[in-house]
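Observations on the model geometry
As a plain string of letters, each chain reads:
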Amino acid sequence: MTIVQTALEAGFLYAPIALALFLSFSILNIADMTTDGAFVLGCAVSAVCCVAGHPILAIPAAMLAAAAAGFVTAFLQTRLGVPSILAGIVTNIGLYSINLMVMGTSNLSLFQVGSIYTLARDAGFAGSWYELAVTALLVLVLCAVLVLFLRTRLGLSIRATGDNADMVRASSINPTFTVTVGLCLANAMTGLSGAMVAQYNTFADVNSGTGMVVLALAALVIGETLIGKGSMVRRVAGVLAGSIIYRFIYAAALRANVPADYMKLVSAVIVGVAIAAPAIRRWVLFQIHKFRTRAARTRGGNM
Amino acid sequence: MAMLALEKISKTFNPGTVNEKKALSGLSLSLEEGDFVTIVGSNGAGKSTLFNAVAGDFYVDEGFVTLDGQDITYLPAHKRSRQIGRLFQDPMRGTAPHMTIEENLALAAGSGGWFSPMSRGDRARFRERLALLDMGLEDRMRQPVGLLSGGQRQALTLLMATMVPPKLLLLDEHTAALDPATADKVLALTREIVEGGHITCLMITHNMHQALEMGNRTLMMDAGRIVLDVGGEERAGMGVEDLLARFKAGAGRALDNDRILLSEE
């Protein structure tokens, strides 16, 4: 029972990062490396706000801070001509120091500090499932808002930017603007995840973001492979499902005594294999075709 | 007042290198409202470069571009596109393949604020416009554009470019990549939309008959200049042979374009 609960909780807690990559990577076609740092920035801002006694305010504050980080990346790549991956890496490195400045220490404990979870528990919300309930509620609202947003004119413009930037320009929309909005929103989602994780874990650690982008990518890839593509509702639901499935795999591996540190390798393999799958499939099919036609010719020659 | 006025525009690519190329040299052109002008010219004459300069893909080195009295010489491309519609030879360039037909149209229509979703009224309007194409697209509005044929995509792009009537429409050999039957259909649509909507239009073509037959004026370009500009009665009496002879007189050499179509096709 606890393994299911833990996996579901983690699935929802980290789902916003997968949604962020869905927006930046799947839709805008940009590999946004700001993710790791933006996640920790979300943790840091959230933790500092909690310590100051504002656990609810902590959520929008963390999202806003992370959006600002996304803006820096977007500015570097759209206005200053820094290649997009490099822009994210540069921001990410800078964020490490920013995060230390925000927290004032490398590890900030929220032990016996009020959080959205203690508020829910004290209010008797959802009994012993209060942590999952609060997280799931926030994430489901986020999913709904995201789906609705992608149907607006701005949402359509962002989708078109990743699909055909020429066409966006022809519709009198500046791709610089849509990329900027997209990266700010994506990082705000990452920040939301960080904000929830810090309050859930009751601590914020400056190193907790390492490899987060790959973990989220694994969730995204699992979702897109299993649920597939189609309407926006289906795709967003797929990403959410992917995040939860990934956490079940993670929990199962931990249960089987795989050390937690090895999970990064598992994640890397999942991402590598899933992204390479179409190429591997084509190669295998071609080899089969080659083998069959050769075999048929040999048979024909013997007759 | 002229709808489009180009005053001695020049553009040199890769200046100061061995690849230096003067693509436009002191070109001037004035288009009246409702003019439908066809453009022919040799390879590398600067036809597409002229369009790029007008659309704002780059800023000209010298000269001025004026649209309907507004100086747009230094206006960025995405701002010009509010008033300038454009179609390329490649039917893939004008539409977003992974988005549905109605989503593409919604972007082109550009109505409403940033956060307004597509309304039922918008859909009804799109359906009505799509029906004009007579390709059955009005019943496929929720399908991704990537599923359409090249001709269908080009027709859709034409619809999108003229959804909000532009002050100027640029057609860069927009039927050249289509099969003959589809090309005829898209050309007929072009004529209908441009002449019906009284839209000022520049059309590049490599088909000499089309150049004389469509529109009310024909330009011939060579080496970044306009070497021939005919319209009215003079043009009405011209055949392809006359046009080629006049080109030779203007450019000082024969027209060389390996894709030119002299026969009726």
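Details of the structure are given in the entry above.
These lines cover the structure that appears in this document, whether it is placed above or below. In this text, all values refer to a predicted model and were calculated from it rather than measured experimentally. Just so you know, the residues in each chain are numbered from 1, in the order the chain's sequence is written. Here every chain gets a letter starting at A, and every ligand a number starting at 1, in the order they are written. Local features in this predicted model are restricted to residues whose pLDDT is 70 or higher, and side-chain atom pairs enter the listing and the counts only when it is 80 or higher, whereas totals over whole chains, interfaces and linings include all residues. For side-chain calculations, the full set of non-hydrogen atoms in the structure is used, while hydrogens and water are omitted.

1. Overview of the pattern of salt bridges
Residue and element names in this part refer to chain B. Should a side-chain nitrogen of Lys or Arg be within 4 Å of a carboxyl oxygen of Asp or Glu, the pair is scored as a salt bridge. Counting across every chain of the model gives 15 salt bridges over all chains. One salt bridge in this structure joins Arg217 and Asp35, with 3.3 Å as the shortest N-O distance. Note that Arg217 is positioned in strand S9 (residues 217–222) and Asp35 in the loop between strand S2 (21–31) and strand S3 (36–41), a separation of 182 residues in sequence. Like Arg217, the residue Asp35 is buried in the burial classification. Counting from the N terminus, the helices are the DSSP runs of H or I reaching at least four residues and the strands are the DSSP runs of E reaching at least two. Burial classes: relative accessible area under 20% of the type maximum marks a residue as buried, over 50% as exposed, and values in between as partly exposed (1.4 Å probe, protein chains only).

2. Let's talk about helix H9 (residues 240–251) of chain B
Residues and elements named next belong to chain B. To estimate the expected span of a helix, subtract one from its residue number and multiply by 1.5 Å. Taking 1.5 Å per residue, 12 residues should reach 16 Å; H9 reaches 16 Å between its end C-alpha atoms and fits that length. Among the residues of H9, those classed as buried are Val240, Leu243, Phe247 and Ala251. Each buried residue of H9 lies within a common arc of 55° when the element is viewed along its axis, so the set occupies one face. Exposed residues on H9 whose side chains face more than 90 degrees from its buried face are Glu241 and Ala249. For this quantity, the arc is that covered by the directions from the helix axis to the C-beta atoms.

3. A look at the sheet that holds S9 of chain B
Sheet strands line up and pair through hydrogen bonds in the backbone, either parallel or antiparallel. All names here are of chain B. Any two strands are treated as partners once DSSP identifies two or more bridges connecting them. If you walk across this open sheet you meet the 6 strands as S6-S7-S8-S3-S9-S10, and the pairing is mixed. The open sheet is flanked by strand S6 (84–87) and strand S10 (225–231), the only strands paired with a single partner. With direction set aside, neighbouring strand axes in the sheet form an average angle of 20°. Judged from the 4 bridges that link them, strand S7 (residues 168–172) and strand S8 (residues 201–204) form a sheet pairing that is parallel. Across the sheet, residue Asp172 finds its bridge partner in S8, namely Ile204. Helix H1 (residues 47–55) rests against S3, S6, S7, S8 and S9 of the sheet, and its axis sits at about 150° to S7. Helix axes use the C-alpha atoms of the stretch in contact, all axes being lines fitted to C-alpha atoms, and the angles between their N-to-C directions lie in the range 0 to 180 degrees. Any two residues having at least one pair of non-hydrogen atoms within 4.5 Å are treated as being in contact.

4. Concerning the interface of chain B and chain A
Tallying the contact residues gives 27 residues for chain B and 20 residues for chain A. Between chain B and chain A, roughly 2,000 Å² of surface is buried when both sides are summed, and carbon and sulfur atoms account for 61% of that area. By buried area we mean how much accessible surface two parts lose on assembly, using a 1.4 Å probe and totalling the loss over both. When residues of chain B are sorted by the area they lose upon contact with chain A, His78, Leu107 and Trp114 of chain B head the list and together hold 39% of the total. Here Arg159 of chain A and Glu103 of chain B are joined by a salt bridge, their closest N and O atoms 3.0 Å apart. Nitrogen and oxygen atoms within 3.5 Å of one another constitute a polar contact, given that in protein one can donate a hydrogen and the other can accept it, and given that sequence-neighbouring residues count only through two side-chain atoms. Counting every contact that joins chain B to chain A gives 12 residue pairs in polar contact (both at pLDDT 80 or more). Secondary structure elements with two or more residues in the side of chain B that touches chain A: helix H2 (77–80) and helix H3 (101–109) of chain B. With 5 residues, H3 of chain B is the single largest residue contributor to the side of chain B that touches chain A.

5. Observations regarding the sheet that holds strand S5 (residues 70–71) of chain B
All names here are of chain B. One open sheet holds the 4 strands; their spatial order is S2-S1-S4-S5, and the pairing between them is antiparallel. Each edge of the open sheet carries a strand with a single partner, namely S2 and S5. Where strand S4 (residues 62–67) and S5 come together, 2 bridges link them in antiparallel fashion. Across the sheet, the residue bridging to Leu67 is Gln70, located in S5. Across the sheet, H1 touches strand S1 (4–13) and S2, and the angle it forms with S1 is around 115°.

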